[in-house]
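Working through the structure, step by step
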Amino acid sequence: LETLPAHLFMSFKVIDEHGRMLGAGRNLAQIRAEFGKQAQATFQQLATRDQEVASTLAQDTITSWSVGALPELLEIRRKDGQSVMGYPALVDQGAHCTLDVYDDPQAAREAHQLGLRRLLRLALRDQVKFLEKNLHDLTKLGMWYLPLGTQEKLRDQIIDCAIDRACLSEPWPTDADAFEQRRQEGKAKLGLLAQEVSRLAGSILEPWAAVMRKLPQAKPHTGTYQDLQQQLGSLVPADFIARTPYGQLGHLPRYLKAALARLDKLRADPARDARLMAEMAPLITQYSRARVARKGASDPGLDEFRWMLEELRVALFAQELRTPAPVSVKRLQKAWEAMQR
């Protein structure tokens, strides 16, 4: 992509119902961040005016697969005779689900995954109750996790992650028979997967707790201290199991061990730490500004770059821990420039 001239990249315009241009640009993720909520609100108003679509979405309290065959798309007719396509999704409401329709397939997918998980959790309630009392080393994990939240919050994340892995491989179920098949398949392996996730959580929380104990030693070095605080808050927030893709969870122990090694080396050579941090500071600033500009909207390119930054920290501050692929400040700068085209 970095070799393509700018004029070969798609240009996007947002037009309202009166033909006025509301915004334009080449970065679709940024445009979605700016106008996405407004568009979704307008879209849902359209959906409620279409009687056929409104009747499909009318189920208020869904606790089992009672929605028939869930269509991939819903056609929503406008007053001017034109139609727009919507993406239906089960929406998790805590103790039950509802049906809703989205204008963005990615937003629908994210909501639908949580809704499917809620229905599966209800359908596997006996297995879930057993796991709530029998997760591996849950008391010890809860002690490490205590600065972030309750043991119950951690436990629920572990079980939810195990349900995803046991029951929600793609393609997802779209009717009652497929849903029941997933329930039966998940029932057989949920326990083993939950214990696996629990052990992984321990391998993350133990070095995190060790870093948090040592972190006050870095206070005299303000820049390093603030950088580590930001990194640790990003790597291990209260919902780190729910928020982090499962493939990346396995890398978190290495990132945390790298932070520990950085703290140890800081005492011996603070000037080296300051120099290395200055090298990657422009990349962190660019990334942070782009995240703020997205206003919480998803951006796969930024997500990938975030993990590249973590690998760069390992390469700079704890080379002995190795990275899966070569990484350097120059490589990341080129990757960033390619993303901006």
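Residues numbered from 1 in each chain as written. Predicted model: local features only at pLDDT ≥ 70, side-chain atom pairs only at ≥ 80, totals over all residues. Heavy atoms only, no water.

Observations concerning the pattern of salt bridges
The condition that has to hold: Think of a salt bridge as a Lys or Arg side-chain nitrogen and an Asp or Glu carboxyl oxygen that are within 4 Å of each other. Where helices and strands are cited, they refer to DSSP runs of H or I of at least four residues and of E of at least two residues respectively, numbered from the N terminus. For the exposure calls, accessible area comes from a 1.4 Å probe over protein chains only, and a residue counts as buried if that area is under 20% of its type's maximum, exposed if over 50%, partly exposed in between.
Applying the stated criterion to the full structure yields 24 salt bridges. A salt bridge links D227 to R262, with the shortest nitrogen-to-oxygen separation between them at 2.8 Å. Taken as a pair, D227 in helix α8 (residues 222-235) and R262 in helix α11 (residues 252-268) lie far apart in primary sequence, 35 residues in all. Given the relative accessible area of 10%, D227 is considered buried. Two residues, D303 and R291, come together in a salt bridge whose shortest N-O distance is 2.3 Å. Of the two residues, D303 sits in helix α13 (residues 300-317) while R291 sits in helix α12 (residues 270-294), which places them twelve residues apart along the sequence. For D303, a relative accessible area of 34% gives the class partly exposed. You can call R291 partly exposed: its relative accessible area is 25%. Because the salt bridges share partners, they merge into one network encompassing R117, R121, E132, R155, D156, D160 and D164.

Some words on the nonpolar core
What counts is decided by this rule: By nonpolar core is meant a set of buried Ala, Val, Leu, Ile, Met, Phe, Trp, Tyr and Cys residues that side-chain atoms within 4.5 Å join together. The contact definition used throughout considers only heavy atoms, calling two residues in contact when any of these lie within 4.5 Å.
L90, F240 and I241 are the most contacted members of the largest nonpolar core, which has 71 residues in total. With 13 residues, helix α7 (residues 176-214) is the single largest residue contributor to this core. For I241, the contacting residues outside a window of four places in its chain are L154, Q157, I158, C161, V197, A201 and L249. Core analysis: the next-biggest nonpolar cluster, separate from the first, contains 16 residues, L276, L283, L309 and W336 among them.

Here we look at the side chain of Q231
Selection rule: Throughout this description, a polar contact denotes any pair of N or O atoms lying within 3.5 Å of each other; where both atoms belong to protein, one of them has to be capable of donating a hydrogen while the other can accept it, and for residues adjacent in sequence the pair is counted only when both atoms sit in side chains.
Inspection of the secondary structure assignment puts Q231 in helix α8. Here the side chain of Q231 touches E310 through a polar contact of 3.0 Å, side chain to side chain. Excluding residues within four positions of it along the chain, Q231 makes contact with Y255, A259, E310 and R313.

A closer look at helix α5 (residues 138-145)
Because an α-helix completes one turn every 3.6 residues, residues spaced three or four positions apart along the sequence face the same direction. Let me state the cut-off plainly: The directions considered for the arc are those from the helix axis to the C-beta atoms.
Regarding α5, the residues found buried are L138, L141, G142 and Y145. End-on, the buried residues of α5 take up no more than an arc of 100°, which puts them together on one face. Residues of α5 that are exposed and angled more than 90 degrees away from the buried face: T139 and M143. Packing partners of the buried residues in α5 comprise α4 (125-134), α6 (151-167), α7 and α9 (240-243).

Side note on the pairing of strand β3 (residues 74-77)
Stated formally: Whether two strands pair comes down to DSSP finding at least two bridges between them.
Alternating positions in β3 separate cleanly, L74 and I76 being buried on one face and E75 and R77 remaining unburied on the opposite face. What sits between the antiparallel neighbours β3 and strand β4 (residues 83-92) is a turn of five residues, in which G81 has the positive phi angle 90°.

Notes on the confidence of the model for the protein
Heads up, the condition is: As a per-residue quantity, pLDDT reports the predictor's confidence and falls between 0 and 100.
Here the protein shows a mean pLDDT of 91. Residues at 70 or above account for 99%. By mean pLDDT, the top-scoring element of the protein is α6 (97), and the lowest-scoring one is helix α2 (residues 51-56) (72).

Observations concerning the packing of aromatic side chains
For the record, the criterion: Centres within 6.5 Å are what make two rings of Phe, Tyr or Trp a pair, Trp counting through its six-membered ring; a difference in plane orientation under 30 degrees is then read as stacked, over 60 as edge-to-face, and the rest as tilted.
All chains considered together, the criterion is met by four aromatic pairs. With centroids separated by 6.2 Å and ring planes inclined at 20°, the aromatic side chains of Y255 and W307 adopt a geometry described as stacked. One end of the pair, Y255, is in helix α11; the other, W307, is in helix α13, and 52 residues separate them in sequence. Y255 gets classed as buried once you look at its relative accessible area, which sits at 1%. Judged by its relative accessible area of 11%, W307 falls in the buried class. Linked through ring pairs, Y287, F305 and W336 together constitute an aromatic cluster.

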